[in-house]
Amino acid sequence: MGDSKNMGLNTICAHVGEVKDEQFKGAISPLYMSSSYAYENVDVKRYPRYFNTPNQEALGKKIAALEHTESGMIFGSGMAAVSHCLLAFLQKGDHIVLQKTLYGGTYNFVVEEFHKFGIEYSFTDGFSEADFRRELQPNTKVIYVETPSNPLMLITDLQMISNIAKEHGLVSMIDNTFASPVNQNPADFGIDIMIHSATKYMGGHSDICAGAVAASSAHMERIWNLSKNIGGSLSDYTVWLLERSLKTMALRVKAQNKNAKRMAKWLQQHPLVEKVHYPGLKDHPDYDLAKRQMRGFTGMLSFELIPSVDAEAFMQALQLIKQSMSLAGVESTILSPAKTSHALLSAEERAHQGISDKLLRFSVGIEEKKDLVNDMEQAFHKVAKSNAVMQD
Ligand SMILES: *Cc1c(COP(=O)(O)O)cnc(C)c1O
């Protein structure tokens, strides 16, 4: 196998990090379900919770190649990846600066668990350099971001974050789930640790729960030292399924990028839509920044309906596009952040974050655009009609 640095994305997806079938010369990686292996020597003790079975190790190499790092590791869920990374670099008395808007599970992990470990934290007020610098303390060890953010698709400047981290000797971490390695490689800007919920674009078929981390070998050793004690590894069978999914990741995500951009433009001109949030639209506040640090703008977008349209009724009226809490599958899904991911916030806090009851998050799949448009059009037609009846 050649050096993955010179390979194109689809080639990495299809070829790098495979287990070679020496015995039968099969085309794909054999699946090793053994939880018990003979000692090779004192240094190599293979065991699923040590994250070093043949399938785990091979897939780690694919993750590393995709994220332009030396090393990759697979976890039992996105939250296992998030929590293991945070705890590997933070201890009693340390402080972390976290971006204001984060995945709900990450936010909960920080506010519900960190006090038990004596770890201090601050959330920023916004996304600017000043917002991050303001929260730095003498005991700050880690800076943590998520870009594009959920659900408004705001962009954090990766070069700016990496500069702050280097200046202050901090470890920088990003939850790169929304972008996927197809659209964004934060390591190219000097970010240290890339975290993924592989449940999303990496899995891509809404049938796997997994996590992945990419980092330098030195950083990964520190993560591994913690992880083997906590034990958030993934079953080899699911590792093998994830490898299968990753082979088509770039094809899927590029198709989703394209669909999302076309749907964003279509929604933007629709009379029942107030506003569309998509970093690939020229009127998005972070369009230039997104263009600088992303190769594609993802399959995720959100939009606000005009005040007279009932968002709940609109979602209920959709037939092809299903309501779903998760995202990034090949099938298009939709949800109301106010009713789901941000339901626990007060109405004032939601308003402060710009999340209205009319806002819907749309995870665009690989369907034909005309079918997505037809589904939305018939749903708009239904809610517009019931509005008219109510006003009579
Ligand atoms: C889903 C998600 C997670 C958590 O991943 P799980 O696989 O559900 O544990 C973390 N970050 C982001 C951005 C996500 O969308």
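Thresholds applied
Residues numbered from 1 in each chain as written. Predicted model: local features only at pLDDT ≥ 70, side-chain atom pairs only at ≥ 80, totals over all residues. Heavy atoms only, no water. Phe/Tyr/Trp six-rings, centres within 6.5 Å; stacked < 30°, edge-to-face > 60°. Buried < 20%, exposed > 50% of the residue type's maximum accessible area, 1.4 Å probe, protein only. Helix = DSSP H or I, 4+ residues; strand = E, 2+ residues; numbered from the N terminus. Patch = residues over 30% accessible without salt bridge, like charges linked within 9 Å, V, L, I, M, F, W, Y side chains within 5 Å. Areas by Shrake-Rupley, 256 points an atom, 1.4 Å probe, with all protein chains shown as cover. Salt bridge = Lys/Arg side-chain N within 4 Å of Asp/Glu carboxyl O. Lys, Arg positive; Asp, Glu negative; His and termini not counted. Charge placed at Lys NZ, Arg CZ, Asp CG, Glu CD. Domains from an automatic or database assignment. Contact = heavy atoms within 4.5 Å. Buried area = accessible area lost by both parts, 1.4 Å probe. Polar contact = N/O pair within 3.5 Å; in protein donor to acceptor, adjacent residues only side chain to side chain. Nonpolar A, V, L, I, M, F, W, Y, C, P; charged D, E, K, R; others polar. Expected span 1.5 Å × (residues − 1). 1 Å grid on protein atoms, 1.4 Å probe; cavity = no way out; pocket = protein on both sides within 12 Å on 5 of 7 lines; lining within 4 Å. Points joined across faces, edges and corners; volume = space filled by probe spheres on them. Axes fitted to C-alpha atoms, helices over the stretch in contact; angles between N-to-C directions. Left-handed = near helix turned anticlockwise from the far one by under 90°.

A word on the packing of aromatic side chains
All told, the structure shown has 14 aromatic pairs when counted by the stated rule. Summarising the aromatic geometry, the rings of Tyr-47 and Tyr-50 are spaced 5.5 Å apart at their centres and angled 70° between planes, so their arrangement reads as edge-to-face. Under the relative-accessibility criterion, Tyr-50 is labelled partly exposed at 27%. Taking the centre distance of 6.4 Å and the plane angle of 75° together, the rings of Tyr-278 and Phe-297 count as edge-to-face. On the criterion of sequence distance, the pair formed by Tyr-278 in the loop between strand 8 (273–277) and helix 11 (287–293) and Phe-297 in the loop between helix 11 and strand 9 (300–305) is long-range, its members being 19 residues apart. Accessibility classification places Tyr-278 together with Phe-297 in one group, the buried group.

Considering a positive patch on the surface
Residues Lys-261, Lys-265, Lys-282 and Lys-291 make up a contiguous surface patch of positive charge. Relative to the helices and strands, Lys-265 is located in helix 10 (residues 249–268). Given the relative accessible area of 48%, Lys-265 is considered partly exposed.

Some points on the domain arrangement of the protein
When cut into domains, the protein gives domain 1 (4–246) and domain 2 (250–391). Distance from the C-alpha centre of domain 1 to the C-alpha centre of domain 2: 28 Å. The partner domain 2 presents 38 residues to the 33 residues of domain 1 that form the contact. For the pair domain 1 and domain 2, the two sides together bury roughly 3,000 Å², of which 56% comes from carbon and sulfur. It is Leu-152, Asn-183 and Tyr-201 in domain 1 that bury the most area against domain 2; as a group they hold 25% of the surface buried on that side. Taken together, domain 1 and domain 2 are joined by one salt bridge. Of the charged contacts in the structure, one is a salt bridge between Asp-157 and Arg-292, with a shortest N-O distance of 4.0 Å. Inspection of the domain 1/domain 2 interface yields 18 residue pairs in polar contact (both at pLDDT 80 or more). Mapped by element, the contributors of at least two residues to the side of domain 1 that touches domain 2 are helix 1 (9–15), helix 7 (180–183) and helix 9 (236–247). Tallying contributions element by element places helix 7 first for the side of domain 1 that touches domain 2, with four residues. Of the residues belonging to the side of domain 1 that touches domain 2, the class tally is 17 nonpolar, 14 polar and two charged.

A closer look at the environment of Thr-147
Tracing the chain through its elements places Thr-147 in the loop between strand 4 (140–146) and helix 6 (158–168). When the C-alpha atoms of Thr-147 and Pro-186 are compared, they prove to be 9.9 Å apart, with 39 residues separating the residues in sequence.

Describing helix 3 (residues 78–89)
Taking 1.5 Å as the rise per residue, helix 3 with twelve residues should run 16 Å; its terminal C-alpha atoms sit 17 Å apart, in good agreement. Extensive coverage of helix 3 is indicated by the burial of eleven of its twelve residues. Within helix 3, burial applies to Gly-78, Ala-80, Ala-81, Val-82, Ser-83, His-84, Cys-85, Leu-86, Leu-87, Ala-88 and Phe-89.

With respect to the layout of surface pockets
If you add up the space inside the largest pocket, you get close to 870 Å³. Lining the largest pocket are 38 residues; nearest its centre among them are Leu-102, Tyr-103, Gly-104, Gly-105 and Ser-341. Among the elements of the structure, helix 3, helix 4 (104–117), strand 6 (193–197) and helix 13 (347–353) are those that each provide at least two residues to the lining of the largest pocket. Its residues assigned to classes, the lining of the largest pocket comprises 13 nonpolar, 18 polar and seven charged. Lining the lining of the largest pocket are residues from two domains, each supplying at least three of them: domain 1 (4–246) and domain 2 (250–391). Here the second largest pocket defines a volume of roughly 510 Å³. If you go around the second largest pocket, you meet 19 residues; those closest to its centre are Tyr-50, Phe-51, Asn-52, Glu-57 and Trp-224.

Remarks on the packing of helix 2 (residues 54–67) against helix 9
Their axes nearest at 9 Å, the elements helix 2 and helix 9 cross at an angle of 35°. Helix 2 and helix 9 meet at a crossing whose hand is left-handed. For the pair formed by helix 2 and helix 9, the contact residues are Asn-55, Gln-56, Leu-59, Lys-62, Ile-63 and Leu-66 on the first element and Asp-236, Val-239, Trp-240, Leu-242, Glu-243 and Leu-246 on the second. Residues of the contact of helix 2 with helix 9, tallied by class, amount to seven nonpolar, two polar and three charged.

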